Amino acid sequence: TRGVRSVISCGETPSTLKNEFTDSLRAREVAVAISRPPTPYSIGQRVRLNKAAFDGLVATIVDIDEKDRVVVLLDLLSRPVRVNVKSIHIGEIAV
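Presented here is an overview of the structure given in this document. (Residues numbered from 1 in each chain as written. Predicted model: local features only at pLDDT ≥ 70, side-chain atom pairs only at ≥ 80, totals over all residues. Heavy atoms only, no water.)

1. Description of the overall build of the chain
Within the chain, the secondary structure is distributed over one helix and nine strands. Beginning at the N terminus, the succession of helices and strands in the chain can be written as β-β-α-β-β-β-β-β-β-β. Relative to the compact-globule value of 12 Å for 95 residues, the chain shows a C-alpha radius of gyration of 18 Å, a clear excess of over 25%. Along the first, second and third principal axes, the C-alpha set of the chain runs to 55 × 35 × 25 Å. Put simply, the chain has 95 residues, and 17% of those count as buried. Within the chain, counting contacts between residues at least 6 apart in sequence, those at least 24 apart form 27% of the total. Entry remark: accessible area of the chain is about 8,000 Å², with carbon and sulfur atoms responsible for 54%. For the chain, the separation between the mean place of its 14 positive charges and that of its 11 negative charges on side chains is 4 Å. (Helix = DSSP H or I, 4+ residues; strand = E, 2+ residues; numbered from the N terminus. Rg over C-alpha atoms; globule rule 2.2 N^0.38 Å. Buried < 20%, exposed > 50% of the residue type's maximum accessible area, 1.4 Å probe, protein only. Contact = heavy atoms within 4.5 Å. Areas by Shrake-Rupley, 256 points an atom, 1.4 Å probe, with all protein chains shown as cover. Lys, Arg positive; Asp, Glu negative; His and termini not counted. Charge placed at Lys NZ, Arg CZ, Asp CG, Glu CD.)

Structural data, given as structure tokens:
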């Protein structure tokens with residue numbers, strides 16, 4: 001198949017995907033390319049970090065890239081600091 005580098009497998013046995021997963025990819029297919037799902041976050045949004053040393057801190061999103069990473073602005077030691085985090089390590093602040 002065009003564009004396929006290799007088949008994902010466990011040892012010699014090819015791995016399988018659930019039909020729901022492949023159906024969701026097909027639903028996002030646009031002109032033979034898979035579109036990224038919309039991000040639930042936006043620039044300027046206040047979020048809470050939920051990973052390691054920054055757990056519980058509140059930050060403001062200043063940039064979102066295409067590789068599932070978010071740049072947030074934290075107030076650390078009374079100074080603004082830009083931090084790159086994976087989007088899975090932030091959460092919305094309950095209003």
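2. Remarks on unusual backbone geometry
Note: most residues except glycine have negative phi, and most peptide bonds are trans. Not every positive phi belongs to a glycine, and Leu77 is a case in point at roughly 50°. With phi around 65°, Ser78 is a residue other than glycine that occupies positive phi space. One can find Ser78 in the loop between strand S7 (69-76) and strand S8 (79-86).

3. Regarding a negative patch on the surface
Side chains of Asp63, Asp65, Glu66 and Asp68 sit close together on the surface and give a patch of like negative charge. Checked against the element boundaries, Asp68 lands in the loop between strand S6 (58-64) and S7. Among the residues examined, Asp68 registers a relative accessible area of 37% and is labelled partly exposed. (Patch = residues over 30% accessible without salt bridge, like charges linked within 9 Å, V, L, I, M, F, W, Y side chains within 5 Å. Salt bridge = Lys/Arg side-chain N within 4 Å of Asp/Glu carboxyl O.)

4. Here's the deal with the pairing of S7
The sheet contact formed by S6 and S7 spans four bridges and is antiparallel. The partner of Ile61 across the bridge, within S7, is Val72. Hairpin connection, S6 to S7: the antiparallel pair is bridged by four residues, and Asp68 has positive phi, about 65°. Here S7 pairs with S8 via eight bridges, running antiparallel. Each bridged residue has a counterpart across the sheet, and for Val71 the counterpart in S8 is Asn84. Counted between consecutive antiparallel strands, the loop separating S7 from S8 contains two residues, among which Leu77 sits at a positive phi close to 50°. (Pairing = 2+ DSSP bridges.)

5. Some points on the layout of surface pockets
Volume-wise, the largest pocket comes out at about 370 Å³. The wall of the largest pocket is formed by ten residues, among which Val4, Ser6, Val7, Ile8 and Leu17 lie closest to the centre. Here the residues of the lining of the largest pocket are counted per class, giving five nonpolar, four polar and one charged. (1 Å grid on protein atoms, 1.4 Å probe; cavity = no way out; pocket = protein on both sides within 12 Å on 5 of 7 lines; lining within 4 Å. Points joined across faces, edges and corners; volume = space filled by probe spheres on them. Nonpolar A, V, L, I, M, F, W, Y, C, P; charged D, E, K, R; others polar.)

6. Focus: the side chain of Gln45
With respect to the element layout, Gln45 can be found in the loop between strand S4 (33-34) and strand S5 (46-49). At 3.0 Å, the side chain of Gln45 and the backbone nitrogen of Ser42 are in polar contact. Each residue touching Gln45, except ones within four places of it in the same chain, is listed here: Pro40, Ala59, Thr60, Ile61 and Glu92. (Polar contact = N/O pair within 3.5 Å; in protein donor to acceptor, adjacent residues only side chain to side chain.)

This is a description of form; function is not addressed.
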